[in-house]
Amino acid sequence: MKKIFLAVLVVGLFGLNAHAQDTVSNDTDFNKWQARFRVAGVIPSPGDDLDGADVDISTTVVPELDFTYFFTKHWAAELILATTKHDVEVGETDLGYVWLLPPTLNLQYHFYVGDFKPYVGAGVNYTIFYGEDSGDVVGMDYDNSVGFSFQAGIDYNLNDKWFINFDIKQLLLSTDVTVNTGDVMLPVDVDINPLIIGVGIGVKL
């Protein structure tokens, strides 16, 4: 999935750019700020370094808000805000749940093809883990972590102010987890790596 997503970014960046250069003028009349509200599905691709046991992290659907600032008509920075709750299991053991707050900042390049505005982006996120429940064990401790973000999406103008949006992001995200079983403190390196697929509406501010 990661290789496919990266390939899409490369094709989008170099393939659409050739067409966009023929369809867009160099005028500087553009909205510097825009905001989007999406409904997003967060689909983890979990992994761990445990022998003989695989961690399972639930998929969830959440609201997502982002704000985008355009430096130029093509280049922009987007700050993405959302929080998610995920159930965690290893085999038959319930490890409770944890909330994630992963503010993400992406640098984007936007193309213009009529009323369509495709874009690609990449950036970083800092994920805060909070509100954890320990389930069947004595305790769970998650380390906050820094990860990377890759993004592709498209806006479609409904009029001069409002537009609809489809967006897909891949976060490369891992965390160090300490599981208190009551007998031992078990350190586990957990990959989360969520794929985030969202659809919503946006407004030019």
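Residues numbered from 1 in each chain as written. Predicted model: local features only at pLDDT ≥ 70, side-chain atom pairs only at ≥ 80, totals over all residues. Heavy atoms only, no water.

Trainee: Explain the overall build of the chain here, please?
Mentor: Helices and strands together make up the secondary structure of the chain, namely 1 helix and 15 strands. Considering only residue pairs separated by 6 or more positions, the chain has 66% of its internal contacts joining residues 24 or more positions apart. Taken as a whole, the chain presents about 10,600 Å² of accessible surface, with 62% of it coming from carbon and sulfur. (Helix = DSSP H or I, 4+ residues; strand = E, 2+ residues; numbered from the N terminus. Contact = heavy atoms within 4.5 Å. Areas by Shrake-Rupley, 256 points an atom, 1.4 Å probe, with all protein chains shown as cover.)

Trainee: Would you explain the nonpolar core in this entry?
Mentor: A general feature of soluble globular proteins is that nonpolar side chains tend to end up buried together. Counting 17 residues, the largest nonpolar core has Met140, Tyr142, Val190 and Ile192 as its most contacted members. Going through the elements one at a time, β3 (55-57), β6 (84-90), β7 (93-101), β10 (139-142), β13 (174-180) and β14 (185-191) are the ones with two or more residues in this core. Sorting elements by how many residues they give to this core places β7 first, with 3 residues. Every residue in contact with Met140, bar those within four places of it in the chain, is listed here: Leu95, Glu132, Asp133, Ser134, Val177, Thr178 and Val179. In terms of nonpolar packing, the next biggest core, distinct from the first, is built from 5 residues, Ala40, Val42, Val62 and Ile196 among them. (Core = buried A, V, L, I, M, F, W, Y, C linked by side-chain atoms within 4.5 Å. Buried < 20%, exposed > 50% of the residue type's maximum accessible area, 1.4 Å probe, protein only.)

Trainee: Just checking my understanding: could you explain the packing of aromatic side chains for this structure?
Mentor: Given two aromatic rings, one states the distance between the centres and the angle between the planes to describe the pair. In the structure shown here, the tally under the stated rule is 7 aromatic pairs. Ring geometry for Trp99 and Tyr130: centres 6.1 Å apart, planes at 25°, overall stacked. In this pair, Trp99 is assigned in strand β7 and Tyr130 in strand β9 (residues 116-133), connecting sequence segments 31 residues apart. Given the relative accessible area of 34%, Tyr130 is considered partly exposed. Through a chain of ring-to-ring contacts, three or more aromatic side chains come together here, namely Trp33, Tyr69 and Phe71. The ring of Tyr97 carries Lys85 above its face, with NZ or CZ at 4.2 Å from the centroid. The ring of Phe163 is capped by Lys117, whose NZ or CZ atom sits 5.9 Å from the centre of that ring. (Phe/Tyr/Trp six-rings, centres within 6.5 Å; stacked < 30°, edge-to-face > 60°. Lys NZ or Arg CZ within 6 Å of the ring centre and 35° of its normal.)

Trainee: In this structure, what is going on with the confidence of the model for the chain? I would like to understand it.
Mentor: Close inspection of predicted coordinates is inappropriate for parts of the model with low pLDDT. Here the chain shows a mean pLDDT of 89. Residues at 70 or above account for 86%. Across residues 1-26, where pLDDT falls below 50, the model places 36 contacts with residues more than four positions away in sequence or in other chains. (pLDDT = per-residue confidence, 0-100.)

Trainee: Hey, could you run me through the environment of His110 in this one?
Mentor: Position of His110 among the secondary structure elements: in strand β8 (residues 104-110). When its relative accessible area of 0% is taken as the criterion, His110 is described as buried. Beyond its immediate stretch of four places on either side in the chain, His110 contacts Arg36, Phe70, Lys73, His74, Ala76, Lys117, Pro118 and Tyr119. Reaching out from His110, the side chain makes a polar contact with the side chain of Gln108 at a distance of 2.8 Å. (Polar contact = N/O pair within 3.5 Å; in protein donor to acceptor, adjacent residues only side chain to side chain.)

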